[in-house]
Amino acid sequence: MGQIPTGKGENGRDGAGTNPGSGRRETEEERADRQWGELLQELRVAQTGVQILFGFLLAVVFQPRFADLSTVDRNIYVVTVMLGSATAAALIGPVSYHRLLTGRRMKPQTVTWASRLTKLGLGLLFCTMCSTLLLIMRVALHNVVALWLVGAMALWFLVCWFVFPLWAIARNNGRRPGEDGEDGGAPDDDSRPRP
């Protein structure tokens with residue numbers, strides 16, 4: 001498939017083209033290609049959830065019970081739909097960005113901006129999920145318990161989406177790949193050629 005790394009960069013010097021953070025021997029373009037593929041896999045998961053949620057939100061306004069919502073609940077609905085729209089735009093944006101820049105030799109910049117849009121999209125998705133839950137719980141419960149349930153779920157989203165990854169980064173900070181690893185000491189990014 002690809003070339004077997006030789007340990008020499010394009011200019012023949014040892015170590016050139018090595019990503020010091022991962023130990024991989026790859027050029028900037030190869031790294032961008034790999035990162036783009038990984039980002040696409042992540043976006044597929046997020047985009048599917050956003051599309052289902054957004055479809056649900058758009059259908060709510062056409063339900064007979066929508067006319068019975070209070071002014072506060074209607075305002076929450078409008079905010080939720082706007083958040084859902086912004087989330088969809090942010091998570092679909094990397095695809096448009098990539099398509100418009102393809103062939104212009106800007107893959108590393110494309111990956112950087114697509115990653116930023118994805119992070120923004122995840123933040124907006126968090127807000128959209130909380131707002132959707134608030135609307136549903138207010139309609140279902142009609143009391144203050146709705147706020148406590150939404151607050152608890154928002155905390156759970158924060159833990160799953162942000163706290164665990166940041167904790168892993170902090171825990172791994174200062175370690176070399178493979179040092180005290182739970183996988184028997186094998187580095188995370190194995191740069192050895194495969195047969």
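Structural data are supplied above this passage.
Quick caveat, the model's predicted, so the values are computed rather than measured.

(A) Spotlight on the overall build of the protein chain. Counting secondary structure elements, the protein chain contains 4 helices and 2 strands. Ordering the α and β elements of the protein chain from the N terminus gives β-β-α-α-α-α. The burial tally for the protein chain puts 27% of its 195 residues in the buried class. Partitioning the contacts of the protein chain with sequence separation of at least 6, the portion at a separation of at least 24 is 63%. Accessible area of the protein chain: about 13,300 Å², with a carbon and sulfur share of 62%.

(B) A look at unusual backbone geometry. In this model, His-142 sits at a positive phi of 55°, which is unusual for a non-glycine residue. If you trace the backbone, His-142 turns up in the loop between α3 (107–141) and α4 (145–172). In this structure His-142 comes out as exposed when scored by relative accessible area, which is 61%.

(C) Focus on the nonpolar core. Grouped together as the largest cluster of nonpolar side chains are 11 residues: Ala-32, Trp-36, Leu-39, Leu-43, Ala-46, Val-50, Ala-88, Leu-91, Val-111, Ala-114 and Leu-125. The leading source of residues in this core is helix α1 (residues 28–60), at 6 residues. Residues Leu-53, Phe-66, Leu-69 and Tyr-77 belong to the second largest nonpolar core, which totals 10 residues.

(D) Quick peek at the packing of aromatic side chains. Taken as a whole and assessed by the stated rule, the structure comprises 4 aromatic pairs. Centre to centre, the rings of Phe-66 and Tyr-77 are 5.1 Å apart; their planes meet at 70°, and the pair counts as edge-to-face. With Phe-66 in the loop between α1 and α2 (71–101) and Tyr-77 in helix α2, the pair connects residues that are 11 residues apart, well separated along the chain. Centre to centre, the rings of Phe-157 and Trp-161 are 5.2 Å apart; their planes meet at 25°, and the pair counts as stacked. Residue Phe-157 and its partner Trp-161 are located together in helix α4, separated by 4 residues, close to a single helical turn. Here a set of aromatic residues connected by ring pairs shows up, and it is made of Phe-126, Phe-157, Trp-161 and Phe-162. Residue placement shows Arg-116 over the ring face of Trp-113; its charged tip is 4.7 Å from the ring centre.

(E) Molecular detail of the packing of α2 against α3. In contact at an axis separation of 8 Å, α2 and α3 are set at 160° when each is read in the N-to-C sense. Comparing their axes, α3 and α2 come out roughly antiparallel. Along this stretch, α2 crosses α3, giving a crossing that reads as left-handed. Partitioned by chemical class, the residues of the contact of α2 with α3 number 21 nonpolar, 12 polar and 3 charged.

(F) Here's a closer look at the environment of Phe-56. Position of Phe-56 relative to the elements: it lies in helix α1. A residue is classified by how much of its surface remains accessible, and Phe-56, at 39% relative accessible area, is partly exposed. Residues Phe-56 and Val-81, 25 residues apart in the sequence, show an inter-C-alpha distance of 9.9 Å. Beyond its immediate sequence surroundings of up to four residues, Phe-56 is in contact with Thr-132 and Ile-136.

Criteria and cut-off values
Residues numbered from 1 in each chain as written. Predicted model: local features only at pLDDT ≥ 70, side-chain atom pairs only at ≥ 80, totals over all residues. Heavy atoms only, no water. Helix = DSSP H or I, 4+ residues; strand = E, 2+ residues; numbered from the N terminus. Buried < 20%, exposed > 50% of the residue type's maximum accessible area, 1.4 Å probe, protein only. Contact = heavy atoms within 4.5 Å. Areas by Shrake-Rupley, 256 points an atom, 1.4 Å probe, with all protein chains shown as cover. Core = buried A, V, L, I, M, F, W, Y, C linked by side-chain atoms within 4.5 Å. Phe/Tyr/Trp six-rings, centres within 6.5 Å; stacked < 30°, edge-to-face > 60°. Lys NZ or Arg CZ within 6 Å of the ring centre and 35° of its normal. Axes fitted to C-alpha atoms, helices over the stretch in contact; angles between N-to-C directions. Parallel < 35°, antiparallel > 145°, perpendicular 65-115°, else oblique. Left-handed = near helix turned anticlockwise from the far one by under 90°. Nonpolar A, V, L, I, M, F, W, Y, C, P; charged D, E, K, R; others polar.

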